[in-house]
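Structural characterization, general
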Amino acid sequence: MTTFANPDDAAIRDLLEEAKRIAVVGLSPKPHRTSHHIARYLQERGYDVVPVYPREDEILGQKVYRRVSDVPGPVDLVNVFRRSEDLPAVFDDVLSSGAAAVWTQLGCVDEAGARRAGDAGLTVVMDRCIMVDHGRLLGRD
């Protein structure tokens with residue numbers, strides 16, 4: 001069995017440049033939480049951020065959906081803030097949603113889910129911070 005490998009910097013840069021609509025799974029309504037800070041960062045850089053959270057009706061001025069598969073219209077990228085043990089269900093949801101790519105934040109690892117998503121044709125970035133990579137590859141402003 002091979003270990004999952006993230007795309008190279010050029011592919012990640014392309015993903016970040018091409019993505020317009022990002023569903024954020026686990027986007028907390030609390031401003032001090034990392035998911036909230038990063039989602040706001042993405043909004044401020046022009047991305048259409050769609051919150052996916054089990055509670056709340058609105059976060060960051062956007063309607064909240066319970067699952068990625070509930071989001072109407074296309075989703076270019078799903079950014080995931082969930083514990084590793086929750087990722088199999090998240091990957092199931094992402095795969096049923098028609099999203100083109102999935103990105104799990106630092107510490108979020110599911111090798112089997114990443115392989116399933118990759119085999120289904122999705123671009124997968126795992127165990128990396130989208131804000132750090134965005135700033136490093138595209139600049140912070």
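From a predicted model like this one, the values you see are computed outputs, not experimental measurements. (Residues numbered from 1 in each chain as written. Predicted model: local features only at pLDDT ≥ 70, side-chain atom pairs only at ≥ 80, totals over all residues. Heavy atoms only, no water.)

**Structural notes on the environment of V125**
- By the secondary structure assignment, V125 is in strand 7 (residues 123-125).
- Each C-alpha atom of the pair V125 and A101 lies 8.1 Å from the other, and the pair is 24 residues apart in sequence. (Helix = DSSP H or I, 4+ residues; strand = E, 2+ residues; numbered from the N terminus.)

**Side note on the sheet that holds strand 1 (residues 21-25)**
- With respect to topology, 5 strands assemble into an open sheet ordered 2-1-5-6-7, the strand pairing being parallel. The open sheet has two free edges, formed respectively by strand 2 (48-52) and strand 7, since each of these has just one partner strand. Shown here is a sheet whose adjacent strand axes are inclined to one another by a mean of 20°, direction ignored.
- By the bridge criterion, 3 bridges tie strand 6 (residues 101-104) to strand 7 in an arrangement that is parallel. Across the sheet, residue V102 finds its bridge partner in strand 7, namely V124.
- Strands strand 5 (77-80), strand 6 and strand 7 of the sheet are contacted by helix 1 (residues 9-18), whose axis makes an angle of about 110° with strand 6.
- Strands in contact with helix 2 (residues 34-44) are strand 1, strand 2 and strand 5; relative to strand 2, the strand with the most contacts, it is inclined by about 155°. (Pairing = 2+ DSSP bridges. Axes fitted to C-alpha atoms, helices over the stretch in contact; angles between N-to-C directions. Contact = heavy atoms within 4.5 Å.)

**Points about the packing of helix 3 (residues 87-97) against helix 4 (residues 111-119)**
- In contact at an axis separation of 9 Å, helix 3 and helix 4 are set at 10° when each is read in the N-to-C sense. Here helix 4 runs roughly parallel to helix 3, going by the angle between their axes. Along its contact with helix 3, which presents P88, F91, D92 and L95, the element helix 4 presents G113, A114, R116 and A117.
- Grouping the amino acids of the contact of helix 3 with helix 4 by side-chain chemistry returns 5 nonpolar, 1 polar and 2 charged. (Parallel < 35°, antiparallel > 145°, perpendicular 65-115°, else oblique. Nonpolar A, V, L, I, M, F, W, Y, C, P; charged D, E, K, R; others polar.)

**Some details on the pairing of strand 5**
- Burial along strand 5 is two-sided: the face carrying L77 and N79 and the face carrying V78 and V80 are both buried.
- Summarising the sheet, strand 1 and strand 5 pair through 4 bridges and their orientation is parallel. Counted as the bridge partner of A23 is V78 from strand 5.
- For strand 5 and strand 6, the ladder comprises 3 bridges, and the chain directions are parallel. Within strand 6, the position partnered with V78 by the bridge is V102.
- For the handedness criterion, the β-α-β arrangement of strand 5, helix 3 and strand 6 is classed as right-handed. (Buried < 20%, exposed > 50% of the residue type's maximum accessible area, 1.4 Å probe, protein only. Right-handed = clockwise from strand over helix to strand, strands pointing away.)

**As for the packing of aromatic side chains**
- One pass over the structure, following the stated rule, counts 0 aromatic pairs.
- Geometry around Y65 places K63 over its ring, the cationic atom sitting 5.1 Å from the centre. (Phe/Tyr/Trp six-rings, centres within 6.5 Å; stacked < 30°, edge-to-face > 60°. Lys NZ or Arg CZ within 6 Å of the ring centre and 35° of its normal.)

**Focus on the pattern of salt bridges**
- In total, this model carries 11 salt bridges according to the counting rule given.
- One salt bridge in this structure joins R66 and D57, with 3.6 Å as the shortest N-O distance.
- Since its relative accessible area comes to 40%, R66 is described here as partly exposed.
- Among the residues examined, D57 registers a relative accessible area of 63% and is labelled exposed.
- A single network of salt bridges, built from pairs that share partners, joins D9, R128, D133 and R136. (Salt bridge = Lys/Arg side-chain N within 4 Å of Asp/Glu carboxyl O.)

Remember, this is a structural readout, not a statement about activity or role.
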